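Architecture and fold: a report
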Amino acid sequence: MTRSTSEGLDPAIADRLKRDPDGLVPAVVQQHDTGEVLMLGYMDDEALARTLATGRATYWSRSRQEYWVKGETSGHHQYVKEVRLDCDGDTILLKVDQVGPACHTGDHTCFDAGLLSQGAAS
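Residues numbered from 1 in each chain as written. Predicted model: local features only at pLDDT ≥ 70, side-chain atom pairs only at ≥ 80, totals over all residues. Heavy atoms only, no water.

**Details of the UniProt feature "binding site: Mg(2+)" (unreviewed entry) in the chain**
- Summarizing the sequence annotation, UniProt attributes the feature "binding site: Mg(2+)" (unreviewed entry) to Asp86, Asp88 and Asp90 in the numbering used throughout.
- On the secondary structure map, aspartate 88 appears in the loop between β5 (78–85) and β6 (92–98).
- The exposure class assigned to aspartate 88 is partly exposed, which follows from its relative accessible area of 41%.
- Mapping aspartate 90 onto the fold places it in the loop between β5 and β6.
- On the accessibility criterion, aspartate 90 (31% relative accessible area) is partly exposed.
- The contacts of aspartate 90, once residues within four sequence positions are left out, are Lys18, Val25 and Pro26. (UniProt positions renumbered as here; feature names shortened; annotations may be inferred. Helix = DSSP H or I, 4+ residues; strand = E, 2+ residues; numbered from the N terminus. Buried < 20%, exposed > 50% of the residue type's maximum accessible area, 1.4 Å probe, protein only. Contact = heavy atoms within 4.5 Å.)

Right under this line is the structure:
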């Protein structure tokens, strides 16, 4: 399914985005004051426009096919402090103030699942 672009997103921003075939851009979410990476979400133009307008992190759920505001049901809100676009326009960086756990599992970050071992290639 191809996501449509939003009338609400500034055309100057929309023109810089490089979307996947579904119209989505990955959004890396980072704690603004520590730099800790909290999670990865996906945004289309509408989710980004809503995020910029409200200061609340809004994503597109690929599994549920709907928009969701982080913390709307869990109470674990993300208050957006800064939004950046990478040099290629294909990744968004959200710097947020995370309230409560960021991960749906209840972990502080979605990257608490463990370190992958790095074996030496011989």
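**Some details on the state of the cysteines**
- Scanning the entire structure with this criterion turns up zero disulfides.
- With no disulfide of its own, cysteine 103 lies 3.3 Å from the sulfur of cysteine 110, the closest cysteine sulfur. (Disulfide = S-S within 2.5 Å.)

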